[in-house]
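Single-letter residue listing:
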Amino acid sequence: MTVQDLNQSLAGIVRPEKPDGALISNVAPNSAAAAAGLKSGDVITESHGEPVVRGGELSSLIGLLAPGERSS
């Protein structure tokens, strides 16, 4: 899965009400992200109760998960 920051110009297209979050730009076939139902264009704003304002924050939160643990 590839994520990027949801900036003001992208927010106008995807999520105009609030330009925060991690925009999923690519999901590899047969990946855990694909199995979870994530798709290109999805915006993640929270993981495990923690807000996600930028793409790098999502990567950090996912990196803290134990193997097999699900993000919420």
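Helix and strand content of the protein: 3 helices and 5 strands. By the burial criterion, 22% of the 72 residues in the protein qualify as buried. A total of about 4600 Å² of accessible surface is found on the protein, and carbon and sulfur atoms cover 53% of it.

In this section: the side chain of Ser 31. Its place among the elements puts Ser 31 in the loop between β2 (22-26) and α2 (32-35). One polar contact links the side chain of Ser 31 to the main-chain amide nitrogen of Ala 34, over a distance of 3.1 Å.

Let's shift gears to the environment of Gly 41. With respect to the element layout, Gly 41 can be found in the loop between α2 and β3 (43-44). Taking the C-alpha atoms as reference, Gly 41 lies 6.2 Å from Leu 23; in sequence the two are 18 residues apart.

The next subject is the nonpolar core. One finds Ala 22, Ile 24, Val 27, Ala 33, Ile 44, Val 52 and Leu 58 forming the largest nonpolar core, which totals 7 residues. Once residues within four sequence positions are removed from consideration, Val 27 is found in contact with Met 1, Ala 33, Ala 34, Leu 38, Lys 39 and Ser 40.

What follows deals with the pairing of β2. In terms of strand pairing, strand β1 (residues 2-5) meets β2 through 4 bridges, oriented antiparallel. Opposite Gln 4, over in β2, you have Leu 23 as the bridge partner. Here β2 pairs with β3 via 2 bridges, running antiparallel. By the bridge assignment, Leu 23 is partnered in β3 with Val 43.

The subject of this paragraph is the environment of Leu 61. Tracing the backbone through its elements, the reader meets Leu 61 in helix α3 (residues 55-63). Distance from Leu 61 to His 48, taken between C-alpha atoms, is 8.2 Å for residues 13 residues apart in sequence. Once residues within four sequence positions are removed from consideration, Leu 61 is found in contact with Ser 47, Glu 50, Pro 51 and Val 52.

Calculation notes
- All residue numbers refer to positions counted from 1 along the written sequence of the respective chain.
- Where local features are concerned, this predicted model is filtered to residues with pLDDT of at least 70; where side-chain atom pairs are given and counted, the filter is 80 or more; whole-chain, interface and lining totals use all residues.
- For the side-chain quantities, the full set of heavy atoms in the structure was used; hydrogens and water were omitted.
- What counts as a helix is a DSSP run of H or I of at least four residues, what counts as a strand is a run of E of at least two, and both are numbered from the N terminus.
- Three labels apply to residues, based on accessible area from a 1.4 Å probe with only protein chains included: buried if under 20% of the type maximum, exposed if over 50%, partly exposed otherwise in between.
- Only the protein chains shown count as covering a residue, and every accessible area follows the Shrake-Rupley method with a 1.4 Å probe.
- Counting of polar contacts relies on pairs of N or O atoms within 3.5 Å, with two restrictions inside protein: one atom must be capable of donating a hydrogen and the other of accepting it, and residues adjacent in sequence are counted only when both atoms are side-chain atoms.
- Take the buried Ala, Val, Leu, Ile, Met, Phe, Trp, Tyr and Cys residues and link them wherever side-chain atoms come within 4.5 Å; each set so joined is a nonpolar core.
- Any two residues having at least one pair of non-hydrogen atoms within 4.5 Å are treated as being in contact.
- Any two strands with at least two DSSP bridges between them are considered paired.

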